[in-house]
Amino acid sequence: AQSVTQLDSQVPVFEEAPVELRCNYSSSVSVYLFWYVQYPNQGLQLLLKYLSGSTLVESINGFEAEFNKSQTSFHLRKPSVHISDTAEYFCAVRPLNTGFQKLVFGTGTRLLVSP
Amino acid sequence: GAVVSQHPSWVICKSGTSVKIECRSLDFQATTMFWYRQFPKQSLMLMATSNEGSKATYEQGVEKDKFLINHASLTLSTLTVTSAHPEDSSFYICSARDKVARYEQYFGPGTRLTVT
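The rules behind these values
- All residue numbers here refer to positions counted from 1 along the written sequence of the relevant chain.
- Just so you know, chain letters begin at A and ligand numbers begin at 1, following the order they were written in.
- Under the rules for a predicted model, residues below a pLDDT of 70 receive no local features and side-chain atom pairs below 80 are neither given nor counted, while totals for whole chains, interfaces and linings still include all residues.
- Calculation of side-chain values draws on the structure's entire complement of heavy atoms; hydrogens and water are dropped beforehand.
- Secondary structure follows DSSP: runs of H or I at least 4 residues long count as helices, runs of E at least 2 residues long count as strands, and numbering of each begins at the N terminus.
- Each residue is assigned to one of three classes by its accessible area relative to the maximum for its type, calculated with a 1.4 Å probe on protein chains only: buried under 20%, partly exposed between the two thresholds, exposed over 50%.
- Residues are treated as being in contact if the distance between any of their heavy atoms lies within 4.5 Å.
- Each accessible area value is a Shrake-Rupley result obtained with a 1.4 Å probe; residue values ignore everything except the protein chains displayed when judging cover.
- Neither His nor the chain termini are counted; the positive set is Lys and Arg, and the negative set is Asp and Glu.
- Charge placement uses NZ in Lys and CZ in Arg. For Asp and Glu, CG and CD serve respectively.
- Paired strands, in this sense, are two strands between which DSSP finds at least two bridges.
- Two rings from Phe, Tyr or Trp (for Trp, the six-membered ring) form a pair when their centres sit within 6.5 Å of each other. Planes less than 30 degrees apart are called stacked, planes more than 60 degrees apart edge-to-face, and all others tilted.

Caption draft 1: Summary view of the overall build of chain A. Counting its regular elements, chain A contains zero helices and 12 strands. Structurally, chain A occupies a C-alpha span of about 45 × 30 × 25 Å along its principal axes. Buried positions account for 43% of the 115 residues belonging to chain A. Considering only residue pairs separated by 6 or more positions, chain A has 57% of its internal contacts joining residues 24 or more positions apart. For chain A, the computed accessible surface area is about 5,700 Å², with 50% contributed by carbon and sulfur atoms. When the 8 positive and 9 negative side-chain charges of chain A are each reduced to one mean point, those points stand 12 Å apart.

Listed below in structure tokens is the structure:
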């Protein structure tokens, strides 16, 4: 079975400051890794994903995440946040077993950006 | 990009009535659709997985007679909450797996259900 841990339930930060949202996972098999963002009263939007290849993946709005296999982590970072980045962020994994496996979500981290 | 829609976006119903939520994949065919439930300030809880033309597979603890799922076509799945009670009030999100890009799973905008 897989599990995803997001230790920080809430991260307050000032605008233009850097931020890191932590994600660690546990799995006996290899996994795909995802970050989703949820704005208030909306569904989830895929922010970025790691499937294979370069361990550093980037999104179009300045976020990046690095897959660290030895530490089983996939932390999300942004060098300078905006007010509009205020949202809930979910880390998720999908195991690479045969067939389509279900996403396993972390409990989420609420990013609060203030002026 | 792939779009998943849900209708309605919010609904208020009286206790004891049933409510149907539709989930559609607008520009792709979805072999599999997933229904999630999200309580305030919590993560998504998978309720059930449905494949087109077959019965849904429910997660442990989810009452299949209360949450009826129908996956009638490759672009439409419905969730019916039967005999709704206030404790069923929640945010319901559907998700669809692309038949072609098989590792991709797209999420709908969610439906907020309030049972009075």
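Caption draft 2: Focus on unusual backbone geometry. Of note, the bond from His-7 of chain B into Pro-8 of chain B is cis; its omega dihedral lies within 30 degrees of zero at 0 degrees. Within the secondary structure layout, Pro-8 of chain B lies in the loop between strand 1 (4-7) and strand 2 (10-13). Phi angles above zero are rare outside glycine, and Glu-16 of chain A is one such case at about 75 degrees. Looking at where Glu-16 of chain A falls in the secondary structure, it is placed in the loop between strand 2 (10-14) and strand 3 (19-21). Among the residues examined, Glu-16 of chain A registers a relative accessible area of 59% and is labelled exposed. For Ser-83 of chain B, which is not glycine, the phi torsion reads 45 degrees and is therefore positive. In this structure, Ser-83 of chain B sits in the loop between strand 8 (76-81) and strand 9 (90-98). Judged by its relative accessible area of 35%, Ser-83 of chain B is partly exposed.

Caption draft 3: Region of interest: the pairing of strand 1 of chain B. Residue and element names in this part refer to chain B. With burial as the criterion, only one face of strand 1 is covered, namely that bearing Val-4 and Gln-6; the residues Ser-5 and His-7 on the opposite face remain uncovered. Looking at chain direction, strand 1 and strand 3 (residues 19-25) are connected through four bridges and run antiparallel. In the strand pairing of strand 3, Val-4 is matched with Ser-25.

Caption draft 4: Broad picture of the packing of aromatic side chains. All names here are of chain B. Here the structure, examined in full by the defined rule, presents 12 aromatic pairs over all chains. When the ring of Tyr-36 is compared with that of Phe-107, the centres are 5.7 Å apart and the planes differ by 40 degrees; the resulting orientation is tilted. Within this pair, whereas Tyr-36 is found in strand 4 (residues 30-38), its partner Phe-107 is found in strand 10 (residues 105-107), the two being separated by 71 residues in sequence. Overall, Phe-107 belongs to the buried group, its relative accessible area being 9%.

Any functional reading would require information that these geometric values do not contain.
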